[in-house]
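One-letter residues, chain by chain:
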There are 2 protein chains.
Amino acid sequence: MIGIFDSGVGGMTVARAVEQCLPDHPLLYLGDIARSPYGTKSARTIIEYSVENTRFLVQNGAQIIVIACNTASSVATDRLRQEFNIPIIEVISPAVQQAITRSRTGRIGIIGTRATIRSGIYEEKIRQQKPEYKVFPKACPLLVSLVEEGWINKRETKMILRRYLHDLKNQQLDTLVLGCTHYPLLKQLIQTRIGKKVTLIDSSEATAYFLKSYLGAKEDYQPKPHHDSGQNRYFVTDLTETATHIAAKIFGRNIELLPIQNFPN
Amino acid sequence: MIGIFDSGVGGMTVARAVEQCLPDHPLLYLGDIARSPYGTKSARTIIEYSVENTRFLVQNGAQIIVIACNTASSVATDRLRQEFNIPIIEVISPAVQQAITRSRTGRIGIIGTRATIRSGIYEEKIRQQKPEYKVFPKACPLLVSLVEEGWINKRETKMILRRYLHDLKNQQLDTLVLGCTHYPLLKQLIQTRIGKKVTLIDSSEATAYFLKSYLGAKEDYQPKPHHDSGQNRYFVTDLTETATHIAAKIFGRNIELLPIQNFPN
């Protein structure tokens, strides 16, 4: 069973891409809505929450973990790999790989939460492979709140995006990485704002493709059968109307969100 | 010692007003930044967090608790009064009292987070005393995120405020309650937007005044002496640069935020 966690509902863009890429693989999702968002918090706190989320998924049968949150991927991956003896997939390397493959000019922009951008992990991973590439990082902290409010196509969201993308627009980028799993919901607005010629890299899709090849190459992986219900399960640490609404928007169908009591105890 | 808690730094507007009203009373603050914001979460989760915050303050010597968060006040006050055998002061009743005293026309607007507005507690408390008054509630969910980002005077913040206050502007209000402890930081923008003739009720100030009269009337209250340092202490469940920045803005001086490890365990 594939375990996927995120700070809230943004990671469902990853879950949906995984469902589409790997329809036969049972999937267990955990959205930590009760402590959302992560991107404004310190690395120490994000690591602690990520360990608790992973523990929950493992206890409920996950054999492989996908950190469907760029913030948690950027600061907590090493720690999860130390603590848990199963494969830990993060969303950053697949996006970096795709960005490097698709960029022609080597001028790559990265947008993400404050914690992700502060970690510097995208630049680091790109420069390990392509030291000559120019990387332009930009923190866009309010976008997660705007998406979680469902303000996907509002004038104010466009204005805030304009402010955030202003500097990047003058950098002759040919590639822009959406370094937050909430951002695919704003893909159209971002494409319009940054310009049609810039290739957007969706870390959710990139991760699902990577997971598919990873599992394809892994001989010893036998997915455990589905839970009784035969359906993928979507757990949340808090249940809100807004979450239910965004989940339906992401999947294009109603998703039953299952609240966990007394998490993380 | 007066214990004050909030979901983050917004409640510091209450702490500051209390410092000014009651300079001789030692004060212990807890900002639950690690799980901030509360206003987008369910009542069940907000109650659980409020109990944990109160327990921390009591264990550290608080003899009276101020819930410096309208969201927590609106859903968790009854539960805290059941569980803890000390006075629990909330921020809603003092604001309601001031609004009723100052309104001439009985047309009162209320702005707050989604959880506060959904609770209906302002209407309920106003109607208990003034059934003939007209109350106009409006949820403004993004304002907390904007304040926590420090976007106090940005054009986008003004536009979002314009959208939120649009309906209220046509209701001939004479009084508007700032039903969230973050909103005093936006007081000027709100006053400009809603019009000079509308009286703004700041729940932070109202609560500090109420606390002063409450303690003045309470014969058996002897404030415990200050902690060794002789200073009020400001604890946070997570330490971020943004929080330090907003705290300085609220108090007009640098505030040392003390991070708590392993909260709430």
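Rules of the game
Residues numbered from 1 in each chain as written. Chains lettered and ligands numbered in written order. Predicted model: local features only at pLDDT ≥ 70, side-chain atom pairs only at ≥ 80, totals over all residues. Heavy atoms only, no water. Helix = DSSP H or I, 4+ residues; strand = E, 2+ residues; numbered from the N terminus. Rg over C-alpha atoms; globule rule 2.2 N^0.38 Å. Buried < 20%, exposed > 50% of the residue type's maximum accessible area, 1.4 Å probe, protein only. Contact = heavy atoms within 4.5 Å. Areas by Shrake-Rupley, 256 points an atom, 1.4 Å probe, with all protein chains shown as cover. Lys, Arg positive; Asp, Glu negative; His and termini not counted. Charge placed at Lys NZ, Arg CZ, Asp CG, Glu CD. Expected span 1.5 Å × (residues − 1). Axes fitted to C-alpha atoms, helices over the stretch in contact; angles between N-to-C directions. Parallel < 35°, antiparallel > 145°, perpendicular 65-115°, else oblique. Left-handed = near helix turned anticlockwise from the far one by under 90°. Nonpolar A, V, L, I, M, F, W, Y, C, P; charged D, E, K, R; others polar. Salt bridge = Lys/Arg side-chain N within 4 Å of Asp/Glu carboxyl O.

Participant: Explain the overall build of chain A to me, please; I cannot follow it from the model alone.
Facilitator: Across its full length, chain A holds 11 helices and 10 strands. Its C-alpha radius of gyration of 18 Å places chain A within 12% of the 18 Å reference for a compact globule of 265 residues. Across the 265 residues of chain A, 62% fall into the buried class. Long-range contacts, defined here as pairs at least 24 residues apart, represent 74% of the contacts in chain A between residues at least 6 apart. Accessible surface, chain A: about 11100 Å² in total, of which carbon and sulfur atoms supply 45%. A gap of 9 Å separates the mean positions of the 33 positive and 25 negative side-chain charges of chain A.

Participant: Looking at this structure, how should I read helix 2 (residues 43–59) of chain A?
Facilitator: Note: α-helices contain 3.6 residues per turn, so residues at a spacing of three or four share the same orientation. All names here are of chain A. A rise of 1.5 Å per residue sets the reference length of helix 2, with its 17 residues, at 24 Å; its end C-alpha atoms lie 24 Å apart and thus fit the reference within 8%. Listing the buried residues of helix 2 in full gives Thr45, Ile46, Ile47, Tyr49, Ser50, Val51, Glu52, Asn53, Thr54, Phe56 and Leu57. Contacts made by the buried residues of helix 2 are with strand 1 (2–6), strand 2 (27–31), strand 3 (64–67), helix 3 (70–83), helix 5 (114–119) and strand 9 (233–236). Once helix 2 finishes, glycine 61 follows within two positions and takes phi at roughly 105°, a positive value.

Participant: How should the packing of helix 1 (residues 12–21) of chain A against helix 10 (residues 203–217) of chain A be read in this particular structure?
Facilitator: Each pair of packed helices can be summarised by the angle the axes make with each other and by the distance between the axes. All names here are of chain A. It is at 8 Å that the axes of helix 1 and helix 10 come closest, and there the two elements cross at 40°. By the angle between their axes, helix 1 is oblique relative to helix 10. Judged by the twist between their axes, the crossing of helix 1 over helix 10 is right-handed. Here Thr13, Val14, Ala17, Val18 and Cys21 of helix 1 come into contact with helix 10, specifically with Ser204, Glu205, Thr207, Ala208, Tyr209, Leu211 and Lys212. A per-class count over the contact of helix 1 with helix 10 returns 7 nonpolar, 3 polar and 2 charged.

Participant: For this particular structure, what's the right way to read the pattern of salt bridges?
Facilitator: Side chains bearing opposite charge may pair, as long as their charged atoms lie close to each other. Enumeration over the complete set of coordinates arrives at 20 salt bridges over all chains. Residue B:Glu149 is joined to A:Arg114 by a salt bridge in which the shortest nitrogen-to-oxygen separation is 2.6 Å. On the criterion of chain membership, the pair formed by B:Glu149 in the loop between helix 7 (142–148) and helix 8 (155–169) and A:Arg114 in helix 5 is interchain, its members lying in two chains. With relative accessibility at 12%, the residue B:Glu149 sits in the buried group. Here A:Arg114 falls in the partly exposed class, since its relative accessible area comes to 25%.

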